[in-house]
Amino acid sequence: GELVLPDILPFTISDEVPEEAEVAEHVMHLKNRKVAGPSRMRAEHLKVWYENGSQSWLDFVRVVQECFTTGEIPKAMCFSTLVLIPKADGSLWGIGLLEVAWKVVSGIVQQRLQASIEFEDSLHGFRPKRSVRTAMLVHKLIMEQSLHRVWMLFQVFLDLKKAYNTLD
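Residues numbered from 1 in each chain as written. Predicted model: local features only at pLDDT ≥ 70, side-chain atom pairs only at ≥ 80, totals over all residues. Heavy atoms only, no water.

Asker: So what exactly am I meant to see when it comes to the overall build of the protein here?
Answerer: When you go through the protein residue by residue, the secondary structure sums to six helices and two strands. Seen in sequence order, the protein has helices and strands lined up from the N terminus as α-α-α-β-β-α-α-α. Its C-alpha atoms give the protein a radius of gyration of 21 Å, more than 25% over the compact-globule value 15 Å for 168 residues. Excluding contacts between residues fewer than 6 apart, the proportion of contacts in the protein whose partners are at least 24 apart in sequence is 52%. (Helix = DSSP H or I, 4+ residues; strand = E, 2+ residues; numbered from the N terminus. Rg over C-alpha atoms; globule rule 2.2 N^0.38 Å. Contact = heavy atoms within 4.5 Å.)

Asker: What is the right way to read the packing of helix 2 (residues 43-52) against helix 3 (residues 55-70) from this model?
Answerer: Packed helices, taken two at a time, are described by their axes: the angle between them and the distance between them. Where helix 2 contacts helix 3, the two axes come as close as 7 Å, and the packing angle between them is 115°. Taken together, the axes of helix 2 and helix 3 are roughly perpendicular relative to one another. Here helix 2 runs over helix 3; the crossing is left-handed. The residues of helix 3 that touch helix 2, namely those facing L46, W49 and Y50, are S56, W57 and F60. Class assignment of the residues belonging to the contact of helix 2 with helix 3 gives a composition of five nonpolar, one polar and no charged. (Axes fitted to C-alpha atoms, helices over the stretch in contact; angles between N-to-C directions. Parallel < 35°, antiparallel > 145°, perpendicular 65-115°, else oblique. Left-handed = near helix turned anticlockwise from the far one by under 90°. Nonpolar A, V, L, I, M, F, W, Y, C, P; charged D, E, K, R; others polar.)

Asker: In this structure, what is going on with unusual backbone geometry? I would like to understand it.
Answerer: For residues that are not glycine, phi is negative in most cases, and the peptide bond is trans in most cases. Of note in the backbone geometry, R33 takes a positive phi value of approximately 65° without being a glycine. Relative to the elements of secondary structure, R33 occurs in the loop between helix 1 (20-29) and helix 2. By relative accessible area, which is 74% here, R33 ends up exposed. The residue V150 is not glycine, and still its phi comes out positive at about 55°. In this structure, V150 sits in the loop between helix 5 (132-148) and helix 6 (161-165). (Buried < 20%, exposed > 50% of the residue type's maximum accessible area, 1.4 Å probe, protein only.)

Asker: What's the story with the nonpolar core in this structure? I'm lost.
Answerer: When a protein is soluble and globular, its nonpolar side chains tend to lie buried together. In this structure, V23, V27, L46, W57, F60, V64 and V104 are the most contacted members of the largest nonpolar core, which totals 18 residues. With six residues, helix 3 is the single largest residue contributor to this core. Non-local contacts of V27, meaning those with residues more than four positions away in its chain, are made with L46, K47, W57, F60 and V104. (Core = buried A, V, L, I, M, F, W, Y, C linked by side-chain atoms within 4.5 Å.)

Asker: When you look at the environment of T69 in this model, what are you seeing that I'm missing?
Answerer: Checked against the element boundaries, T69 lands in helix 3. For T69, a relative accessible area of 53% translates into the label exposed. C-alpha of T69 to C-alpha of I85: the two residues are 16 residues apart in sequence and 38 Å apart in space.

Asker: I keep staring at a nonpolar patch on the surface and nothing clicks. Help me out?
Answerer: A surface patch of nonpolar side chains, about 290 Å² in accessible area, is lined by F11, I13, V109 and L113. Tracing the sequence through the fold places F11 in the segment before helix 1. (Patch = residues over 30% accessible without salt bridge, like charges linked within 9 Å, V, L, I, M, F, W, Y side chains within 5 Å. Areas by Shrake-Rupley, 256 points an atom, 1.4 Å probe, with all protein chains shown as cover. Salt bridge = Lys/Arg side-chain N within 4 Å of Asp/Glu carboxyl O.)

Asker: Is there a simple way to think about the pattern of salt bridges in this case?
Answerer: Here the idea is simple: oppositely charged side chains can pair when their charged atoms come close. Considering all chains together, one arrives at three salt bridges under this definition. Its salt-bridge partner being R112, residue E22 comes within 2.8 Å of it at the nearest N-O pair. A residue pair is termed long-range when its members are at least 10 positions apart, and E22 in helix 1 and R112 in helix 4 (residues 100-116) qualify at 90 residues. Taking relative accessible area as the criterion, R112 reaches 9% and is therefore assigned buried. Linking D59 and R62 is a salt bridge whose minimum nitrogen-to-oxygen distance equals 2.9 Å.

Asker: Explain the pairing of strand 1 (residues 80-86) here, please?
Answerer: Walk down a regular strand and you will see the side chains alternate between the two sheet faces. Sheet topology note: the strand 1/strand 2 (residues 92-98) ladder contains seven bridges and is antiparallel. Note that in strand 2 the partner of P86 across the bridge is L92. Counted between consecutive antiparallel strands, the loop separating strand 1 from strand 2 contains five residues, among which G90 sits at a positive phi close to 95°. (Pairing = 2+ DSSP bridges.)

Here is the structure:
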């Protein structure tokens, strides 16, 4: 048979080149005193450049804008430093220290996605102002509602932490 796709309305997501103000907004929201990536550039450096209005700041803005213009990320922004942290069971857990420039570009993309896409209310893990406590409260309310209305209730809980920790 023929594959029938469901009717899904596309979301309008901006892919416009960010203005300097949008880049500055994301730089100012970066946390200070975080360990730097391979270039050793930190959020504090970008903030000083911005506050001083230096040529380095203008160059950085141009690099970010170029990512949106060409659709390509400079190779140097894609590097990360892998830090291995020992676990209690003797195995190792890897953390990648990303370039701060990558964090700015991905932050702009993430903000645009979150502003444009309507997420299902049952998703809690990555959304602002949603925590494990919120998920537990929602779960209890659904259980009570199904009990009072004599509904059969099926719930699935996914813990992707173990899956992500086993990725190569």
